[in-house]
Amino acid sequence: MTAEQQAVTVRAAQAIAQHAQECEAAQDVTGGAATALRQSGYTRLTLPTTQGGLGASLTQFAAAQATLGEAGAGLALILAMHGHIVGAAFGGRTLPDDLLKALADASLDGKLVNALASEPELGSPSRGGLPRTAATPDEMGWRISGRKTWATGARALDFALVNAATPDGQVGRFWVDLKAAGVTIEPTWTGALALRGSGSHDVVFDGAAARLHAPPSGGHPASAAWFWTAIAATYLGVGWAALHALTAYARQRTPTALGAPIATLPRVQEQVGRIAAELHAARAFLFTATQQWDAHPDSTSVPLIGAAKAYATNAAVNATDVAVRTAGGAALTPALPLERLLRDARAGLTHPPSDEAAYTAYGLSVLEQK
């Protein structure tokens, strides 16, 4: 990363570390956390330099998100969503010029943006289907009505790209000011198993105004490449956090029966070695995939990124599981962060692509190679 890219990443990681515990306790994104994320400058990371941004490549974005994921997955995902949307939109020109300008202006101003597509009936939009959220044209533009689920960082967001069905049965994307009239946040994420500090509540639209509109997406490969990388890197950071928490505990935990830190036990050393080896392999795999995209940003590079996402998220799950087993009963208490990391890592498996889809697509691409 460049010096400036590194600087905003460090500031964002510090903001996350400072506010993660209060957000976890509140089971929402606090106002202080949202302000700190905006002020970090991270919203400019993946914006091209021609637009006033820092121009991070996919590999640089992956490195940054791994750092943020280690600081705290819940808040890191808010910045991951913003970063992948900007990177894909400008890298693949997946939005019309007026929406690209709105996205650039928001990023330069430190405003947080997410794409809202999932719905209670629809489930994951990656599986297709027509959204229930409706867009109705009026003399001022469009009016949006409906409900979106899993809106990461809902209360912290300033704008959203909302998928909605138009009267002619098409699915468009609409730029909505989430601080304006007709938008309500319903706290449906309270008590969630994982990512409690992400505030991934429902957003309800009741005739909310949308001033900009994008036609149906053609499924540009940049969208998958940037989103899957954002997910893989963030959860990989959770795995590294578990490793570091375990090693710190192993060095200081000294049972009276042993008379020495448990780090001296061969079994603990073996488990730490297994975790570290798998995380290093996952990071190398992810960076190989993103570097291929940076060199050849087209559909031929996407299956490798999908496989890297599956491998990285499973490596994070395994790291947290083995860390809890190795630390023992203390891992189940708030005295160690391992119980939170164990829960958060599981969420990585729920993001598309699923393991079977990712490995099947990658296997097909290998079989088709000459």
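Every residue gets a number counted from 1 within its own chain, in the order that chain's sequence is written. Totals for whole chains, interfaces and linings use every residue, but because this is a predicted model, local features are given only for residues with pLDDT of at least 70 and side-chain atom pairs only at 80 or more, for both listing and counting. Hydrogens and waters are ignored; side-chain quantities use all the structure's heavy atoms.

Asker: Can you walk me through the packing of helix 1 (residues 3-26) against helix 3 (residues 58-71) in this structure?
Answerer: In helix packing, the relevant descriptors are the interaxial angle and the interaxial distance, both defined with respect to the helix axes. For every element, the axis is a line fit to its C-alpha atoms; helices are fit only across the contacting stretch, and the angle between N-to-C directions ranges from 0 to 180 degrees. For the purposes of this entry, the term helix denotes a DSSP run of H or I that reaches at least four residues, the term strand denotes a run of E that reaches at least two, and both are numbered from the N terminus. Between helix 1 and helix 3, the shortest axis-to-axis distance is 8 Å and the interhelical angle comes to 20°. By the angle class used here, helix 1 and helix 3 are roughly parallel. Here helix 1 runs over helix 3; the crossing is right-handed. Residues Q5, T9, A12, A13, I16, A17 and A20 of helix 1 lie in contact with helix 3, whose contacting residues are Q60, A64, T67, L68 and A71. Class assignment for the residues of the contact of helix 1 with helix 3 results in eight nonpolar, four polar and no charged. Should an angle fall under 35 degrees it is taken as roughly parallel, and over 145 as roughly antiparallel, whereas 65 to 115 is taken as roughly perpendicular and any remaining angle as oblique. By definition, turning the near helix anticlockwise from the far helix through less than a right angle yields a left-handed crossing, and turning it clockwise yields a right-handed one. The contact criterion used is simple: two residues touch if any of their non-hydrogen atoms lie within 4.5 Å. When residues are grouped by polarity, Ala, Val, Leu, Ile, Met, Phe, Trp, Tyr, Cys and Pro land in nonpolar, Asp, Glu, Lys and Arg in charged, and all others, Gly among them, in polar.

Asker: Is there a simple way to think about the packing of aromatic side chains in this case?
Answerer: Note on aromatic pairs: each is described by the distance of the centres and the angle between the planes. Stacked, tilted and edge-to-face pairs are distinguished by plane angle, under 30 degrees for stacked and over 60 for edge-to-face with tilted covering the rest, among Phe, Tyr and Trp rings (Trp via its six-membered ring) whose centres lie within 6.5 Å. Scanning all chains against the criterion turns up four aromatic pairs. Measuring from centroid to centroid gives 5.5 Å for F61 and W226, while their planes differ by 35°, and the two rings are tilted. Remark: W226 occurs in helix 6 (residues 221-252) and F61 occurs in helix 3; sequence separation between them is 165 residues. Three labels apply to residues, based on accessible area from a 1.4 Å probe with only protein chains included: buried if under 20% of the type maximum, exposed if over 50%, partly exposed otherwise in between. Classification of F61 by relative accessible area gives buried; the value is 0%. Classification of W226 as buried rests on a relative accessible area of 7%.

Asker: Which parts of the structure should I look at to understand the packing of helix 3 against helix 6?
Answerer: Relative to each other, helix 3 and helix 6 sit at 40°, their axes nearing to 7 Å. Of the possible angle classes, the one that applies to helix 3 and helix 6 is oblique. Taken as a pair, helix 3 and helix 6 cross one another with a handedness that is right-handed. Only A225, W226, T229, A230, A233, T234, G237, V238, W240, A241 and H244 of helix 6 make contact with helix 3, whose side of the interface consists of L58, F61, A62, Q65, A66, G69 and E70.

Asker: Even after reading the chapter, I still don't get the pattern of salt bridges, so can you show me in this structure?
Answerer: When the charged atoms of two side chains with opposite charge come close together, those side chains can pair. Salt bridges are defined by distance alone: a side-chain nitrogen of Lys or Arg within 4 Å of a carboxyl oxygen of Asp or Glu. Applying the stated criterion across every chain yields a total of 17 salt bridges. A salt bridge links D158 to R38, with the shortest nitrogen-to-oxygen separation between them at 3.0 Å. Residue D158 is located in the loop between strand 3 (141-151) and strand 4 (159-165), and its partner R38 is located in helix 2 (residues 31-39); the two are separated by 120 residues in the primary sequence. With a closest N to O distance of 3.2 Å, R343 and E339 form a salt bridge. Here R343 and its partner E339 are both found in helix 9 (residues 338-347), four residues apart, which amounts to about one turn of the helix. Shared partners join several salt bridges into a network, and the residues in it are E24, E339 and R343.

Asker: For this particular structure, what's the right way to read the pairing of strand 2 (residues 134-138)?
Answerer: The side chains of a regular strand alternate, first on one face of the sheet and then on the other. Two strands are counted as paired when DSSP detects at least two bridges linking them. Pairing geometry for strand 2 and strand 3, over five bridges, is antiparallel. For P137, the partnering residue across the bridge sits in strand 3 and is W142.

Asker: For this particular structure, what's the right way to read the UniProt feature "domain: Acyl-CoA dehydrogenase C-terminal" (unreviewed entry) in the chain?
Answerer: As annotated by UniProt and renumbered to match this structure, "domain: Acyl-CoA dehydrogenase C-terminal" (unreviewed entry) occupies residues 230-351. What you have in residues 230-351 is 73% helix and 0% strand, and the ends, taken at the C-alpha atoms, are 11 Å apart. UniProt positions are given in the numbering used here, feature names are shortened, and annotations may be inferred rather than shown by experiment.

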